[in-house]
Amino acid sequence: RKEVEQDPGPFNVPEGATVAFNCTYSNSASQSFFWYRQDCRKEPKLLMSVYSSGNEDGRFTAQLNRASQYISLLIRDSKLSDSATYLCAVNIPPSGYSTLTFGKGTMLLVSP
Amino acid sequence: SQTIHQWPATLVQPVGSPLSLECTVEGTSNPNLYWYRQAAGRGLQLLFYSVGIGQISSEVPQNLSASRPQDRQFILSSKKLLLSDSGFYLCAWGRGETQYFGPGTRLLVL
């Protein structure tokens, strides 16, 4: 099993739709989880951290399911500008010094 | 606020040539620094990380090396580039486990 796995997509959704992505991780001892957004040919940008209690930022909601070892990202009321690749990142113990393992990303395409 | 710079933005190099990519961070002290490579169709691969001046940890064996001569400077080097070194090289800084990426250098080895 890969350490961090994501469905590559693409997820094609119309504007205004709600879409959700999952990211599974292999190490039950992982403690830190993040979602990043990466536009084509640009660097990843931190979207949000994922806390045990969940995290909401406007139209974006991130949740952690420790029992099933996955994190999720929910985007409500999709905008054209949400089109991007969404990467999840997880720390995988006993990796040293705050290193993260990234998934390969899920591509989202929002159409008019 | 913190900013991270990388240069050059793009680079085309012949096989066997040397490489030097530079990353600098402003607005923070003693950050953790990271070098990643993102090859076409592949995920982000951690190459090196550093927790302080002169302290480098390598994650994968390869013909690349890294150095941290100053607190806010991180350099990625190679003596002889291979075709497989082509990719998008990203520097990141972090405090705790949150990481922030620089704009990246796109390297094409021909």
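Refer to the structure printed above.
About the cut-offs
Residues numbered from 1 in each chain as written. Chains lettered and ligands numbered in written order. Predicted model: local features only at pLDDT ≥ 70, side-chain atom pairs only at ≥ 80, totals over all residues. Heavy atoms only, no water. Helix = DSSP H or I, 4+ residues; strand = E, 2+ residues; numbered from the N terminus. Rg over C-alpha atoms; globule rule 2.2 N^0.38 Å. Buried < 20%, exposed > 50% of the residue type's maximum accessible area, 1.4 Å probe, protein only. Contact = heavy atoms within 4.5 Å. Areas by Shrake-Rupley, 256 points an atom, 1.4 Å probe, with all protein chains shown as cover. Lys, Arg positive; Asp, Glu negative; His and termini not counted. Charge placed at Lys NZ, Arg CZ, Asp CG, Glu CD. Salt bridge = Lys/Arg side-chain N within 4 Å of Asp/Glu carboxyl O. Pairing = 2+ DSSP bridges. Axes fitted to C-alpha atoms, helices over the stretch in contact; angles between N-to-C directions. Core = buried A, V, L, I, M, F, W, Y, C linked by side-chain atoms within 4.5 Å. Disulfide = S-S within 2.5 Å.

**Q** What is the right way to read the overall build of chain A from this model?
**A** When you go through chain A residue by residue, the secondary structure sums to zero helices and 11 strands. N-terminal to C-terminal, the α/β element order of chain A is β-β-β-β-β-β-β-β-β-β-β. The C-alpha radius of gyration of chain A comes to 14 Å, within 12% of the 13 Å expected for a compact globule of 112 residues. Viewed in the frame of its principal axes, chain A has a C-alpha envelope of about 45 × 30 × 25 Å. By residue count, 47% of the 112 residues in chain A fall in the buried class. Long-range contacts, defined as pairs at least 24 residues apart, comprise 58% of the intrachain contacts of chain A with a sequence gap of at least 6.

**Q** How should the overall build of chain B be read in this particular structure?
**A** Each helix and strand counted, chain B has zero helices and 11 strands in total. Over its C-alpha atoms chain B spans a radius of gyration of 13 Å, differing by no more than 12% from the 13 Å that the globule rule assigns to 110 residues. With the C-alpha coordinates of chain B rotated into their principal frame, the extents come out at 35 × 25 × 20 Å. Looking at chain B as a whole, 51% of its 110 residues qualify as buried. Counting only contacts in chain B whose residues sit at least 6 apart along the sequence, the fraction spanning at least 24 positions is 54%. For chain B, the exposed surface amounts to about 5000 Å²; the carbon and sulfur share of it is 54%. Here chain B contributes 8 positive and 6 negative side-chain charges, whose respective centroids are spaced 7 Å apart.

**Q** What is the right way to read the pattern of salt bridges from this model?
**A** Working definition: two side chains of opposite charge can pair if their charged atoms are close together. All names here are of chain A. Here the structure, examined in full by the defined rule, presents six salt bridges over all chains. One salt bridge in this structure joins Arg59 and Asp82, with 2.8 Å as the shortest N-O distance. Here Arg59, found in the loop between strand E6 (55-57) and strand E7 (60-65), pairs with Asp82, found in the loop between strand E8 (70-75) and strand E9 (84-90); they are 23 residues apart in sequence, far enough to count as distant. Residue class for Arg59 comes out partly exposed when judged on its relative accessible area of 22%.

**Q** Sorry, what's going on with the sheet that holds strand E1 (residues 3-7) of chain B here?
**A** Note: strands within a sheet are paired through backbone hydrogen bonds, in either parallel or antiparallel orientation. All names here are of chain B. Within the open sheet, the four strands sit side by side as E1-E3-E8-E7. Their pairing is antiparallel. Of all the strands in the sheet, the pair left with one neighbour each is E1 and strand E7 (64-70). The sheet shows a mean angle of 20° between the axes of neighbouring strands, direction not considered. Sheet analysis places strand E3 (residues 19-26) next to strand E8 (residues 73-78), joined by six bridges and oriented antiparallel. Directly across from Cys23, in E8, lies its bridge partner Phe74.

**Q** How should the nonpolar core be read in this particular structure?
**A** Proteins that are soluble and globular tend to have nonpolar side chains buried together. Counting 24 residues, the largest nonpolar core has Phe21(A), Trp35(A), Ile71(A), Leu73(A), Ile75(A), Tyr86(A) and Leu108(A) as its most contacted members. Of all elements in the fold, only strand E3 (19-25), strand E4 (33-38), E7, E8, E9 and strand E11 (106-111) of chain A reach the threshold of two or more residues within this core.

**Q** How should I be thinking about the pairing of strand E5 (residues 44-49) of chain A in this particular structure?
**A** Two faces belong to every sheet, and in a regular strand the side chains alternate between them. Residues and elements named next belong to chain A. Bridging between E4 and E5 involves five bridges; their strand directions are antiparallel. Among the inter-strand pairings, Trp35 is bridged to a residue of E5, identified as Met48. Connecting E4 to the antiparallel partner E5 that follows it, the hairpin turn spans five residues, and Arg41 within it adopts a positive phi of roughly 65°.

**Q** What's the story with the state of the cysteines in this structure? I'm lost.
**A** Here, disulfide denotes a covalent bond that connects the sulfur atoms of two cysteines. All names here are of chain A. Overall, the coordinates contain two disulfides over all chains when judged by the stated rule. Bridging Cys23 to Cys88, the disulfide has an S-S length of 1.9 Å. Judged by the torsion about the S-S bond (65°), the Cys23/Cys88 disulfide is right-handed. Here Cys23 is found in strand E3, whereas its partner Cys88 is found in strand E9, with 65 residues between them in sequence.

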